[in-house]
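Structural characterization, general
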Amino acid sequence: MFTGFFFTLKRFGVPVSINEWMTLQEALKTGLTDASLSVFYRLARAILVKNESYYDRYDRAFTEYFKGIESDDILVDEILKGLEDVDPLTLTEAEKRLLQALPLEEVLENFRKQWEEGHFKGHVGGDRAIGTGGRSTQGAFGYNPAGVRIGQGYGRHGSAIQIAEKREFRNYSSDMILDTRVLRVALSKLRTLLPEGPLDELDIDNTIDKTCRNAGDPELVWKRSRKNKIKVLLIMDVGGSMEPYHWAVSKLFSAAKSQIKDLKHYYFHNCVYQDLWTDIERSSSIPTSDVINQYDKDYKVICVGDASMAPSELLDVNGCIEYFYRNEEAGIWWLHKLMARFPASVWLNPMRRRIFETSLSGRMISKIFPMFELTLDGLDEAIRALLKPKRPRITPEEIQSFINRRNRPYQIMY
Amino acid sequence: MKKQFKGTESYIASDALSEVVNAATALGRPLLVKGEPGTGKTLLAHAVAKDLGKRLLVWNVKSTTKARDGLYIYDTVQRLHDSRFSDHDVSDIKNYIRMGKLGEAFTADEQVVLLIDEIDKADLEFPNNLLNELDEMSFHIHETDETISARHRPIVIITSNNEKELPDAFLRRCLFHFIAFPDEQMMERIVKVHHPDIENKLLAEIIKKFYWVRSLDSLRKKPSTSEIIDWVSALVSGGVDPRRVKKEIPFLGVLIKKEQDIDIVLAQANPY
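Residues numbered from 1 in each chain as written. Chains lettered and ligands numbered in written order. Predicted model: local features only at pLDDT ≥ 70, side-chain atom pairs only at ≥ 80, totals over all residues.

Turning to the overall build of chain A, a few remarks are in order. In terms of helices and strands, chain A carries 18 helices and 11 strands. Taken over 414 residues, chain A has a buried fraction of 36%. Excluding contacts between residues fewer than 6 apart, the proportion of contacts in chain A whose partners are at least 24 apart in sequence is 65%. (Helix = DSSP H or I, 4+ residues; strand = E, 2+ residues; numbered from the N terminus. Buried ≥ 20, exposed ≤ 12 C-beta atoms within 10 Å, placed from the backbone. Contact = placed C-beta atoms within 7 Å.)

Here it is in structure tokens:
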């Protein structure tokens, strides 16, 4: 039943599965909907939609499908021309009872017939045709529990099929649904388990050992359970060329924030110099050397940035892109200092590997930090690299040689 | 015909909510309830149990809760302890298996209401570990090689505060309802349930003020239903005049719990 509705929901981007659809069929079979469309509307929503941010899309899909007419603007406009806003019809309770809710198919069929017969022009009152203030199933401001309402944006009696048209849940809808679950599952692999807290876990090996030594009289040995004590320093490139990747970075950030208890984060622009920004607006900062000295070397460092910049920004004194900012030491040395202090450090790049590997700065930085794509797979690789840092670290001499060959970049590239 | 849930004297359920509860009961599926804090997610289970006259079991989920805790616990340590003395029968492993809340609900003699409160507090994988148990309403005890299956499928109500997203596979098996924040008429009914004797004039002022406070966008934590009820109690027992509520916000601390928010409200209330 209503299989078309399933596909309408899909088309509106509501993630419905066959399982849920079958549950709905089961519910319809048991007569739970009470043959009322408004109950069906809420029941189907409870079964099919599992996140309030999809409620709005559901409403739109519902409106489209059960309205029965394609959102054909010309058609609606033509009908609206014939409709005038007139005084609403007042009915006594007894009269209202007489107006039974018609089955939807019949209503729609009726509507189609009326439409074809051209019954919609300037019609007021009455029981059959499209018009205003009547008891028919079509038109607006009328009284029929199963009415098809056209246009108007609001109804008088609120009992028409299109409750959905009100779109009450518009505020919960967000086209940027923060689905960070997959990222967090990936990040949850990033852990160092250390014993912590009270002695609350049975130490089986020692218990057996002690018990044996006790000639079989059980002796229980307790140990501290192990908790995740991962410490992460997240350093993110903001502004300029990172703008297009803002979304990916904020997703990573929100995932890290909720998954990693001990997370410190700082910002930079293009390259790290003597200051790291503590806020995204880059209004307050902390000396990079403080960060290096303050945090112990167990911190895992994750830099996020596109690593694409002019060679001068990386290799020159006062090379920073910001005009009023002076750096006495070339950016590459600051990157080297970070890497030297924190052995477990990686760089996540929102660009594809084939792109960042062709840029000169990308090549140089990936010689300092193992560089991975900011994708799920890339994140997985990066986490493995963080837990088992294995490649030899770049020496200061090599860095110096980058600077020496400043004017012969092809020698750095290959 | 089975008894249908309609809300109780002290818990007003919207039509949508009671329909969903009844549907979940009829289909034997867990009902996942989300909504702003203080909209009565936890109370729903209490109300359902009361209205349908069923026993309520509450499983409070914490960050350390494991899915297995809800099924059963095999108390090895106790058994080991007891083996040193001869006053207990340690040969029967069954004596050391204790049912968790889910196990208790499955083995109950009659249908019960099981509330799994704040499922999002637990580990990311927690809901996934309960998939089969909630689907089949049965689980296996390895130690005794017994399968416990529900004699009467419990009415399972799960609440979530949206701290973590729940896995899709889990969501597919649930019915979902989002408790929207009540509108002004609904709120009036809710307050009247708790304070039947309240003066209409005072109530009108309170509700007006309350929705005004809620409309301030910059608030970190908007006051919710439970806060307005506390606020009304404070105002009623303090004998506050409706005119005073109109002019200022007495007992602001009952409504607003964060220092920064108090500053925001005061700044908005007295701009000069």
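Let us look at the overall build of chain B. Helix and strand content of chain B: 14 helices and nine strands. In chain B, buried positions account for 35% of the 272 residues.

Moving on to the nonpolar core. Grouped together as the largest cluster of nonpolar side chains are 72 residues, with contacts concentrated most on Leu31, Val48, Leu114, Ile157 and Leu175 of chain B. Looking at this core, the element that brings in the most residues is helix H3 (residues 37-48) of chain A, giving seven residues. Aside from chain neighbours lying at most four places away, what touches Leu114 of chain B is Leu57, Trp59, Lys101, Leu102, Ala105, Pro154 and Val156 of chain B. Within the second largest apolar cluster, 59 residues are counted, among which are Cys303, Ala307, Trp333 and Met351 of chain A. (Core = buried A, V, L, I, M, F, W, Y, C linked by C-beta atoms within 7 Å.)

The parts lose accessible area when they come together, and the size of an interface is often stated as this lost area. Residue-level contacts link 26 residues of chain A with 20 residues of chain B. Elements with a contribution of two residues or more to the side of chain A that touches chain B: helix H2 (18-29), H3 and helix H8 (181-187) of chain A. Within the side of chain A that touches chain B, the residues separate by chemical class into 12 nonpolar, five polar and nine charged. (Nonpolar A, V, L, I, M, F, W, Y, C, P; charged D, E, K, R; others polar.)

Another point: the pairing of strand E6 (residues 138-141) of chain B. Residues and elements named next belong to chain B. Inspection of the sheet shows E6 paired to strand E7 (residues 146-149) by four bridges, in the antiparallel sense. Residue Ile141 lies in a different strand from E7, and its bridge partner there is Glu146. Where E6 folds back onto E7 in an antiparallel hairpin, the turn is made up of four residues, including Asp145, whose phi is positive at roughly 55°. (Pairing = 2+ DSSP bridges.)

For the rest of this paragraph, the subject is the sheet that holds strand E1 (residues 31-35) of chain B. Sheets are built from strands that pair by backbone hydrogen bonding, the pairs being arranged parallel or antiparallel. All names here are of chain B. Strands sit in the order E2-E5-E8-E1-E9 across an open sheet of five strands; the sheet is parallel. Taken across any chain shown, the strands that pair with only one partner, and hence form the sheet edges, are strand E2 (56-60) and strand E9 (175-179). Taking each pair of neighbouring strands and ignoring which way they run, the sheet shows an average axis angle of 20°. Pairing between E1 and strand E8 (residues 155-160): four bridges, direction parallel. Along E8, the bridge assignment pairs Lys34 with Ser160. Together, E1, E8 and E9 form the strand contacts of helix H1 (residues 15-27), whose direction differs from that of E9 by roughly 160°. (Axes fitted to C-alpha atoms, helices over the stretch in contact; angles between N-to-C directions.)

By secondary structure assignment, the location of Val156 of chain B is in strand E8. Every residue in contact with Val156 of chain B, bar those within four places of it in the chain, is listed here: Pro30, Leu31, Leu114, Ile116 and Leu134 of chain B.

On to the packing of helix H9 (residues 184-194) of chain B against helix H11 (residues 225-237) of chain B, then. All names here are of chain B. At a minimum axis separation of 10 Å, H9 and H11 run at an interaxial angle of 50°. Between H9 and H11, the angle is such that the two are oblique. In the packing of H9 onto H11, the handedness of the crossing is right-handed. Across the interface between the two elements, Met187, Ile190, Val191 and His194 from H9 touch Thr225, Ile228, Ile229 and Val232 from H11. When its residues are assigned to classes, the contact of H9 with H11 shows six nonpolar, two polar and no charged. (Parallel < 35°, antiparallel > 145°, perpendicular 65-115°, else oblique. Left-handed = near helix turned anticlockwise from the far one by under 90°.)

So, about the environment of Leu386 of chain A. With respect to the helices and strands, Leu386 of chain A occurs in helix H16 (residues 376-387). Not counting residues up to four positions away in its chain, the partners in contact with Leu386 of chain A are Leu190, Lys300, Ala344 and Val346 of chain A.

In this model, chain B carries an average pLDDT of 86, and 98% of its residues clear a pLDDT of 70 or more. If you check the scores for this complex, the pTM reads 0.64 and the ipTM reads 0.78. (pLDDT = per-residue confidence, 0-100.)

All names here are of chain B. Counting buried positions over the five residues of strand E5 (residues 113-117) gives four, a clear majority of the element. Relative to E5, E2 runs parallel, the two sharing five bridges. Each bridged residue has a counterpart across the sheet, and for Val58 the counterpart in E5 is Leu115. Pairing analysis gives four bridges linking E5 to E8, with the strands arranged parallel. The residue of E8 that forms the bridge with Leu114 is Val156.

All names here are of chain B. At their nearest, the axes of H9 and helix H10 (residues 200-215) sit 11 Å apart, and the two run at 125° to each other. If you check the angle between H9 and H10, you find them oblique. When the axes of H9 and H10 are compared, the crossing they make is right-handed. Together, Glu184, Met187, Glu188 and Val191 of H9 and Leu203, Ile207 and Tyr211 of H10 make up the contact between the two elements. Looking at the contact of H9 with H10 residue by residue, the classes come out as five nonpolar, no polar and two charged.

Residue and element names in this part refer to chain B. Structurally, Leu131 can be placed in helix H7 (residues 131-136). Counting along the chain gives 40 residues from Leu131 to Leu171, while the straight-line C-alpha distance between them is 9.6 Å. Apart from residues lying up to four places away in sequence, Leu131 is in contact with Ala169, Phe170 and Arg173.

Attention now goes to unusual backbone geometry. For Ala307 of chain A, which is not glycine, the phi dihedral falls at a positive 50°. Of note, Ala307 of chain A is situated in the loop between strand E9 (300-304) and helix H12 (311-315). For Asp145 of chain B, which is not a glycine, the phi torsion comes out positive at approximately 55°. Following the sequence through the fold, Asp145 of chain B ends up in the loop between E6 and E7.

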